Amino acid sequence: MVYLYHLNTTRIRPWKMDSNLIPFSAPFPLIHTVPNNSYNAHFRLTSISASRMSSQRGRRQFSLDPVSGSGTRSEAAFDEAAFEAERLRLDAKARETMAETSKRENEDDPKAWKWVIRKRIWDLMEARNVAQNPRPVHHRIPNFLGASTAAQKLGELEEFQISNCVKVNPDSPQKQVRFLTLSGSKMLLTPQPRLRTGFFSVVESHMLPPTPRAINEACTSVGVAKHGRPIGLDEKIKVDLIVIGSVAVDPRTGARLGKGEGFAELEYGMLRYMGAIDDSTPVVTSVHDCQLVDDIPVEKLLIHDVPVDIICTPTQVIYTNTSIPKPQGWGNLQFLSLFVSH
């Protein structure tokens, strides 16, 4: 199991999310090879500190950095079916874990209010039948009727139009946003689901085969794994717009709740650490109108919770003018570390 920690100038402490630690759904192998259409992308777990730190209570410190490949195509063909089967297996396992976490935190955790709101929205979407596959939407960023319309409104935003690089979450309701990004000749930056094969991958239209279905495929997890270029935390990149999935969002304040795993916050922190974004980088979400809420208590949000500047629904575009501070990520930290238990 892999746990994310951050290190400040005085002590090591867990990066708090909705549970005590963020468990990654699958361990990273010491060497992981991702087949790509132009080269083999290798990742290895290495320390990113200036000097190697000692183990902490049996956990060894590593980070995931890209190692340049041989420049040739992988001899083994990319196994799409196996990749997708493993993705679905990990998704199911993660939803089961989240269900257990929500039950436990509802019983004895002060952050139970988050799970109350999430469950209310998930139940409402299923009851109103505005949910789309994959269903049930519980413990997911829910796909919804009108997701493509909301994406079209997002694509019409000036903030999107002037962007050269757009970071988009890998969930189903934002698939059309990923399509608009690639078809608009923009650079798509997207995380691998559950950070399975690295942190982020870059996809651009010129990297794709000249076939009609190529862009559609590149909007999927399998397509990103096949055609994307994995990047490390030392990549020099400027992200102009962040598109983030949500379970619930407050249009009055910009306060947002995800599905409870903390990956959006983790990814935002990584981008801040990389220098790819700053406070001025707009954060946009696309949701169904029934996901708009008015009971997210801003005073209970944590410093890493990411607020949104713009909300796109199938019927409206809302500028929140949020006053919630953007997370500062890890720019003021000495190191960013991954601790891998034995």
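Analysis parameters
Residues numbered from 1 in each chain as written. Predicted model: local features only at pLDDT ≥ 70, side-chain atom pairs only at ≥ 80, totals over all residues. Heavy atoms only, no water. Core = buried A, V, L, I, M, F, W, Y, C linked by side-chain atoms within 4.5 Å. Buried < 20%, exposed > 50% of the residue type's maximum accessible area, 1.4 Å probe, protein only. Helix = DSSP H or I, 4+ residues; strand = E, 2+ residues; numbered from the N terminus. Contact = heavy atoms within 4.5 Å. pLDDT = per-residue confidence, 0-100. Salt bridge = Lys/Arg side-chain N within 4 Å of Asp/Glu carboxyl O.

Within the largest apolar cluster, 28 residues are counted, with the highest numbers of intra-cluster contacts made by Leu189, Phe200, Ile237, Val239, Leu271 and Met274. For this core, the secondary structure elements donating two or more residues are strand S7 (187-191), strand S8 (200-203), strand S10 (241-244) and helix H8 (263-274). Of all the elements, H8 adds the most residues to this core, at 7 residues. Those residues within four positions of Ile237 in sequence are excluded, and the remaining contacts are Cys165, Met187, Leu189, Val202, Ile231, Met274, Gly275 and Ala276. Core analysis: the next-biggest nonpolar cluster, separate from the first, contains 22 residues, Trp115, Ala147, Ala150 and Ile296 among them.

In the predicted model, the protein chain carries a mean pLDDT of 76, and 65% of its residues have values of at least 70. Every residue in residues 1-75 scores below 50 in pLDDT, and together they form 202 contacts with partners more than four places removed in sequence or on other chains. Every residue in residues 331-342 scores below 50 in pLDDT, and together they form 52 contacts with partners more than four places removed in sequence or on other chains.

On to the pattern of salt bridges. Once their charged atoms are close, side chains differing in charge can pair, the charge on each being opposite to the other. With the rule as written, the count across this model stands at 14 salt bridges. A salt bridge links Glu217 to Lys226; the shortest N-O distance between them is 3.1 Å. The residue Glu235 makes a salt bridge to Arg229 at a minimum N-O spacing of 3.1 Å.

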